[in-house]
Amino acid sequence: WREQALILWEKGQQAEAIAKLEGAINMQKRVYGERYLSHPTVAKTQRILGDFYYQLAEFEKAEIAYELAIHINREIYQTDELPF
């Protein structure tokens, strides 16, 4: 779903892209359950969501998504960035 969201975004379908990405997040919550906040794919999805909101100048929403991605990366990798 995340990749489909990226394609929709590139096609200029921003609302559909965000909806698709939110669907991916909901799926990740179901699949990962208690591990949701400690999984790297969740951090990646949240970063992309932050990028989408940033490009739309919805900075508060972007900040929320980025902060969650940073939190997850800190927990997993002990850094704000991916180590590779």
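Further up the page is the structure itself.
The numbering scheme is per chain: residues are counted from 1 as the chain's sequence reads. Local features in this predicted model are restricted to residues whose pLDDT is 70 or higher, and side-chain atom pairs enter the listing and the counts only when it is 80 or higher, whereas totals over whole chains, interfaces and linings include all residues. The basis for the side-chain values is all heavy atoms of the structure; hydrogens and waters are excluded.

(A) A look at the packing of aromatic side chains. Between rings of Phe, Tyr and Trp, where Trp is taken as its six-membered ring, a pair exists when centres lie within 6.5 Å; planes separated by under 30 degrees are stacked, by over 60 edge-to-face, and by other angles tilted. On inspection of all chains with the given rule, the structure shows two aromatic pairs. Arranged with centres 4.2 Å apart and planes meeting at 5 degrees, the rings of W9 and F52 form a pair that is stacked. Taken together, the positions of W9 in helix α1 (residues 2-10) and F52 in helix α3 (residues 40-55) put the pair 43 residues apart, joining distant regions of the chain. W9 sits in the buried class, given a relative accessible area of 8%. Strands are runs of DSSP state E lasting at least two residues, helices are runs of H or I lasting at least four, and both sets are numbered from the N terminus onward. A simple rule labels every residue: compare its accessible area, found with a 1.4 Å probe on the protein chains alone, to the largest value its type can have, and call it buried under 20%, exposed over 50%, or partly exposed in between.

(B) Region of the structure containing α3. Expected span of a helix: the number of residues minus one, times 1.5 Å. If you check α3, its first and last C-alpha atoms are 23 Å apart, about what 16 residues at 1.5 Å a residue would give, namely 22 Å. Every buried residue belonging to α3 is among V42, A43, T45, Q46, I48, L49, G50, F52 and Y53, and all of these are buried. Contacts are residue-level and defined by heavy atoms, with any inter-residue pair within 4.5 Å sufficient. Against α1, α2 (14-32) and α4 (59-77) lie the buried residues of α3. A57 lies just past α3 and shows a positive phi near 65 degrees.

(C) Geometry of the pattern of salt bridges. Here, a salt bridge means any side-chain nitrogen of Lys or Arg that lies within 4 Å of a carboxyl oxygen of Asp or Glu. Throughout the structure, instances matching the rule amount to three salt bridges. Put simply, D51 and R47 hold a salt bridge, and the shortest N to O gap is 2.3 Å. Residue D51 and its partner R47 are located together in helix α3, separated by four residues, close to a single helical turn. Among the residues examined, D51 registers a relative accessible area of 22% and is labelled partly exposed.

Limitation: the analysis is restricted to geometry and does not speak to function.
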